Amino acid sequence: DMINPVNTVKAIWRYHAIDNDWGDFGYNYLIDPYGNIYEGRAGINGVRGNHAPPNEGSIGISILGNYTNQQPTQASTASLIRLMAYLSAVNNIDLTHKTSFDGNNPGGVYGHKDIGQTACPGNSFYPLMDALANNARLVKQTNNEMNNKIASINSLVEGREYYTGANRGDPN
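Cut-off values and rules
Residues numbered from 1 in each chain as written. Predicted model: local features only at pLDDT ≥ 70, side-chain atom pairs only at ≥ 80, totals over all residues. Heavy atoms only, no water. Helix = DSSP H or I, 4+ residues; strand = E, 2+ residues; numbered from the N terminus. Buried < 20%, exposed > 50% of the residue type's maximum accessible area, 1.4 Å probe, protein only. Contact = heavy atoms within 4.5 Å. Areas by Shrake-Rupley, 256 points an atom, 1.4 Å probe, with all protein chains shown as cover. Expected span 1.5 Å × (residues − 1). pLDDT = per-residue confidence, 0-100. Axes fitted to C-alpha atoms, helices over the stretch in contact; angles between N-to-C directions. Parallel < 35°, antiparallel > 145°, perpendicular 65-115°, else oblique. Left-handed = near helix turned anticlockwise from the far one by under 90°.

### Concerning the overall build of the protein chain
Part 1 of the argument: Helix and strand counts for the protein chain stand at five helices and four strands.
Part 2 of the argument: What you see in the protein chain, going N to C, is helices and strands ordered as α-β-β-β-α-α-α-α-β.
Part 3 of the argument: Every one of the 172 residues in the protein chain was classed for burial, and the buried ones make up 45%.
Part 4 of the argument: Taking the contacts inside the protein chain whose residues are at least 6 apart along the sequence as the reference set, 56% of them involve residues at least 24 apart.
Part 5 of the argument: About 8900 Å² of surface is accessible on the protein chain, with carbon and sulfur atoms providing 46% of the total.

### Things to note about helix 4 (residues 129-142)
Part 1 of the argument: Taking 1.5 Å of rise per residue, the 14 residues of helix 4 would be expected to cover 20 Å, and the 20 Å separating its terminal C-alpha atoms lies within 8% of that figure.
Part 2 of the argument: Elements that come into contact with the buried residues of helix 4 comprise helix 2 (74-91).

### Examining the confidence of the model for the protein chain
Part 1 of the argument: Here the protein chain averages 78 in pLDDT, while 74% of its residues score no lower than 70.
Part 2 of the argument: Confidence over residues 165-172 falls short of pLDDT 50; this stretch has eleven contacts with residues more than four positions distant or in other chains.

### Observations regarding the packing of helix 2 against helix 4
Part 1 of the argument: Interaxial distance between helix 2 and helix 4 falls to 8 Å at its minimum, and their mutual angle equals 60°. The angle between the axes of helix 2 and helix 4 places the two elements in the oblique class. For the crossing formed where helix 2 meets helix 4, the hand is right-handed. Facing helix 2, whose interface residues are Thr-77, Leu-80, Ile-81, Arg-82, Met-84, Ala-85, Ser-88 and Ala-89, helix 4 presents Leu-132, Ala-133, Asn-135, Ala-136, Val-139 and Lys-140.

Structural data, given as structure tokens:
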């Protein structure tokens, strides 16, 4: 339901937390087509995701939508770039797109299909991965707040909303 993406986020939470019995989202963050960022797995930063094994040391970000034949919106990619820059600054994550997982040097930016057998993030999204990582690196390099690691999560979305567990409708 991309007209009201909060409903989609709630449905994903139910599927992950209840149907899959993961206890919460598999992702740490979700971004809707309007650029709104949603808290995923409780605890946000530094929490181990449960989205693409091996999950240790990972941060999972889901861009809501199907990108097999269409590209993500400009609003969603702008929020993704800023979120990646912020998370890189806070967690010292290398903003290089890697196309296969290396357990000896795991740091980097991966598409879901770089980790496992899936079409995700889609044929129209995947070619953007290098540019997204490069743009996030530029944002990080030119943003003194991020370089000083004092940027707040709310400063990421530039007029968009940031949703936490308190307003995503968890039944607990």
